[in-house]
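# Descriptive analysis of the structure
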Amino acid sequence: MTSITPINYYQQQLFRIREHHFPLEHQVAQVVSAKQFIEQHASSDINLDSIAGNAFFSKYHFIRIFKRCYGRTPYQYLIEVRLQKAKQLLQSGLSVSDTCVSVGFTSPTSFASLFKKITGLTPGAYSKKSNFR
């Protein structure tokens, strides 16, 4: 009768959990590459198909792996990157409409409502507050 030592059993269970719940190393590398693609092209007209295609994944598989790695969807990350850039541009004194276009939004209304939802301030109020400091 062979017995499994507790350490070997727990190591096996950890490996099983890791294989089941975490992406493979090459998939992680592809997701990191896709994240960099988002950062480099955030102000362009990119969408889930182009981002997933750049990472060589189907879009649904890509969403699952990206979320598993970063805790948010690729779209949520894209919005986060765009809004961070928008904050910088507004602080530098760029107008709200120019900022909207510069960071990749097509509608000033949707940009303003999303900006307010995330930051708690309208882009104009954020700009005034930043310039006041």
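To start, this report covers the structure provided alongside it. Predicted model only: the values in this text are computed from it and were never measured.

Rules used in this analysis
Residues numbered from 1 in each chain as written. Predicted model: local features only at pLDDT ≥ 70, side-chain atom pairs only at ≥ 80, totals over all residues. Heavy atoms only, no water. Helix = DSSP H or I, 4+ residues; strand = E, 2+ residues; numbered from the N terminus. Buried < 20%, exposed > 50% of the residue type's maximum accessible area, 1.4 Å probe, protein only. Contact = heavy atoms within 4.5 Å. Areas by Shrake-Rupley, 256 points an atom, 1.4 Å probe, with all protein chains shown as cover. Salt bridge = Lys/Arg side-chain N within 4 Å of Asp/Glu carboxyl O.

## Points about the overall build of the chain
The helix and strand inventory of the chain stands at 8 helices and 0 strands. In sequence order, the secondary structure elements of the chain are arranged as α-α-α-α-α-α-α-α. Counting every position in the chain, which comprises 133 residues, the buried fraction comes to 29%. Long-range contacts, defined here as pairs at least 24 residues apart, represent 52% of the contacts in the chain between residues at least 6 apart. Accessible surface, the chain as shown: approximately 9,000 Å² in total, 56% of it carbon and sulfur.

## Overview of the pattern of salt bridges
Any two side chains of opposite charge can pair, given that their charged atoms come close. Taken as a whole and judged by the stated rule, the model has 3 salt bridges. Residue aspartate 49 is joined to lysine 59 by a salt bridge in which the shortest nitrogen-to-oxygen separation is 3.6 Å. Of this pair, aspartate 49 sits in helix α3 (residues 48-54) while lysine 59 is found in helix α4 (residues 59-70), placing the two residues 10 residues apart along the sequence. For aspartate 49, a relative accessible area of 49% corresponds to the partly exposed category. The shortest N-O distance in the salt bridge between glutamate 80 and arginine 72 comes to 3.0 Å. Judged by relative accessible area, which is 34%, glutamate 80 ranks as partly exposed.

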